[in-house]
Amino acid sequence: MNVTIIYGSDGGATKSVASRIAKKIQGKTVDIARASTADFENCDLLILGAPTYGVGDLQCDWEANFATLKAANLNGRKVALFGTGDQVTYPESFVDAMGTLYDQVVAQGGVVVGFTDTTGYEHSGSTAERDGRFVGLALDQDNQSSQTDKRITAWISQLT
C-alpha cells in the first residue's frame, strides 16, 4: 500500500510522530510546508497530522498551506488523521486541529478512517470528538508520551 503522511510541526513532536507512523506502515512523510496537491492525491492512504496550538488553532504551516489541501482532489480517497495536543493545559480544545482537518477532508469528499476511543484521555472538549470518538489518533506527547507507541500500533491496525 502506498502511504503518504503529511504533517505540520514547529517543536518537532508531530514530525517525530509522523516518522514513527511512517516507519511502522512503510509510508513516506511530507512536511505541509513543502507539500503539493500531488502529495495528497498520489497514494492509496493519505494520513494527515497536525498539532493544536493555543486554544484550538492550526499549526502555522498548516494555516499558511491550507489552500494546498483545499486544492487536492480527495473525493473517495481514504484519509486517516492524527493530532497532537496538551490535554492538561488546553483541556477544552484538545487536538482541535484534527477536527479542523476532518471537516475539510469530509467537505472535499474524503473517506475518513481510523476513529479512536476517547477513553484514557482527560479533556473537557474537542472539535475532533464526534459521536463520542476522536476522528483519528489523538496523542498527548506532553503528558502521555509513554502510551504513544501502543496507541500508534492499535490505530495502524485499523488502517491496513
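As the structure is a computational prediction, the values presented were derived from the model and not from experiment.

Sorry, what's going on with the overall build of the protein here?
Of the regular secondary structure elements, the protein holds six helices and 10 strands. Relative to the globule expectation of 15 Å for 160 residues, the C-alpha radius of gyration of the protein, 14 Å, shows essentially globular dimensions. Oriented by its inertia axes, the alpha-carbon framework of the protein measures out at about 35 × 30 × 30 Å. Here the protein holds 160 residues, and 54% of them are scored as buried.

Help me out: how do you make sense of the side chain of serine 126 in this one?
By the element assignment, serine 126 lies in the loop between strand S7 (116-117) and strand S8 (129-130). At 2.5 Å, the side chain of serine 126 forms a polar contact with the backbone oxygen of phenylalanine 94. In terms of polar contacts, serine 126 uses its side chain to reach the backbone amide nitrogen of alanine 128, at 3.0 Å. If we ignore the near neighbours within four places in the chain, the residues touching serine 126 are Glu92, Phe94, Val95, Asp96 and Phe134.

Hey, could you run me through the pairing of strand S1 (residues 3-7) in this one?
In regular strands, side chains alternate between the two faces of the sheet. Burial of S1 is extensive: five of the five residues sit out of reach of the surface. When S1 meets strand S3 (residues 45-53), the two strands line up parallel, connected through five bridges. The residue of S3 that forms the bridge with isoleucine 5 is isoleucine 47. The β-α-β motif built from S1, the intervening helix H1 (residues 13-25) and the parallel element strand S2 (residues 28-31) has right-handed crossover chirality.

Just to check I follow, could you spell out helix H6 (residues 148-159) for this structure?
Think of an α-helix as 3.6 residues a turn; residues three or four steps apart then line up on the same face. For H6, built from 12 residues, the straight-helix expectation of 16 Å at 1.5 Å per residue is met to within 8% by its first-to-last C-alpha distance of 17 Å. Along H6, the residues that are buried comprise Thr148, Arg151, Ile152, Trp155, Ile156 and Leu159. Angularly, the buried residues of H6 cover 130° about the axis, an arc narrow enough to put them on a single face. Opposite the packed face of H6, turned more than 90 degrees from it, sit the exposed residues Lys150 and Ser157. Where H6 is buried, its residues contact H1, S3, strand S5 (78-84), strand S6 (111-113), S7 and strand S10 (137-139).

Calculation criteria
- Residues numbered from 1 in each chain as written.
- Predicted model: local features only at pLDDT ≥ 70, side-chain atom pairs only at ≥ 80, totals over all residues.
- Heavy atoms only, no water.
- Helix = DSSP H or I, 4+ residues; strand = E, 2+ residues; numbered from the N terminus.
- Rg over C-alpha atoms; globule rule 2.2 N^0.38 Å.
- Buried < 20%, exposed > 50% of the residue type's maximum accessible area, 1.4 Å probe, protein only.
- Polar contact = N/O pair within 3.5 Å; in protein donor to acceptor, adjacent residues only side chain to side chain.
- Contact = heavy atoms within 4.5 Å.
- Pairing = 2+ DSSP bridges.
- Right-handed = clockwise from strand over helix to strand, strands pointing away.
- Expected span 1.5 Å × (residues − 1).
- Arc of directions from axis to C-beta.

Keep in mind that these numbers describe shape and distance, not what the molecule does.
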